[in-house]
Amino acid sequence: MSVLVNFTIFPTDKGLSVSEHVSKIIKMIHTCGASYKLTAMGTIIETETLAEVLVIIENAYKILEPYCDRVYATASFDIRKNKSNRLAQKIQSIEQKIGKVNT
């Protein structure tokens, strides 16, 4: 199974720049070994199970909780049975049709 999640989480009460807090979450995602892509508006994560990605989201909140009173989070999921490595394959599919794209 492949679970893709487009995920955003940040504190709303820490001023205009929250990269200090978000970088701690990205470090956690990197350390846990899940495939991911950081974008300007969020992070795309791929795991093999829904439970794995939900643990990552919960851990992201736990990282922010001691530092802030309010957290904003969004997550959209694409769950597909009998597939894997879709983080790369979905982009490759587009590139086969139109050529190289910015990633």
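Residues numbered from 1 in each chain as written. Predicted model: local features only at pLDDT ≥ 70, side-chain atom pairs only at ≥ 80, totals over all residues. Heavy atoms only, no water.

*Asks:* Would you mind showing me how to read the overall build of the protein here?
*Replies:* The secondary structure content of the protein amounts to 3 helices and 4 strands. Across the protein, helices and strands are ordered from the amino to the carboxyl terminus as β-α-β-β-α-β-α. Projected onto the principal axes, the alpha-carbon positions of the protein cover approximately 45 × 30 × 20 Å. Counting only residues that meet the buried cut, the protein has 27% of its 103 residues in that class. (Helix = DSSP H or I, 4+ residues; strand = E, 2+ residues; numbered from the N terminus. Buried < 20%, exposed > 50% of the residue type's maximum accessible area, 1.4 Å probe, protein only.)

*Asks:* Before we go on, may I ask you to explain the side chain of Thr8 in this structure?
*Replies:* Along the polypeptide, Thr8 turns up in strand 1 (residues 2-11). Looking at Thr8, the relative accessible area reads 17%, which means it is buried. A distance of 2.9 Å separates a polar side-chain atom of Thr8 from the backbone oxygen of Met41. If sequence neighbours within four positions are ignored, Thr8 has contacts with Met41, Gly42, Tyr72, Ala73 and Thr74. (Polar contact = N/O pair within 3.5 Å; in protein donor to acceptor, adjacent residues only side chain to side chain. Contact = heavy atoms within 4.5 Å.)

*Asks:* Help me understand unusual backbone geometry, please; the structure alone is not making it clear to me.
*Replies:* Most peptide bonds take the trans form, and the phi angle of most residues other than glycine is negative. Of note, the phi angle at Asn82 is positive, near 60°, even though the residue is not glycine. Structurally, the position occupied by Asn82 is in the loop between strand 4 (71-80) and helix 3 (86-98). Note on Asn82: relative accessible area 77%, which makes it exposed. Of note, the phi angle at Asn85 is positive, near 55°, even though the residue is not glycine. Relative to the helices and strands, Asn85 resides in the loop between strand 4 and helix 3. Judged by its relative accessible area of 43%, Asn85 is partly exposed.

*Asks:* Please explain the nonpolar core as it appears in this structure.
*Replies:* A general feature of soluble globular proteins is that nonpolar side chains tend to end up buried together. In this structure, Phe7, Ile25, Ile29 and Ile45 are the most contacted members of the largest nonpolar core, which totals 16 residues. A total of 5 residues in this core trace back to one element, the largest contributor, which is helix 2 (residues 50-64). Excluding its chain neighbours within four sequence positions, the residues that come into contact with Ile25 are Ile9, Ala60, Ile63 and Leu64. (Core = buried A, V, L, I, M, F, W, Y, C linked by side-chain atoms within 4.5 Å.)

Everything listed is a geometric property; what it means functionally is a separate question.
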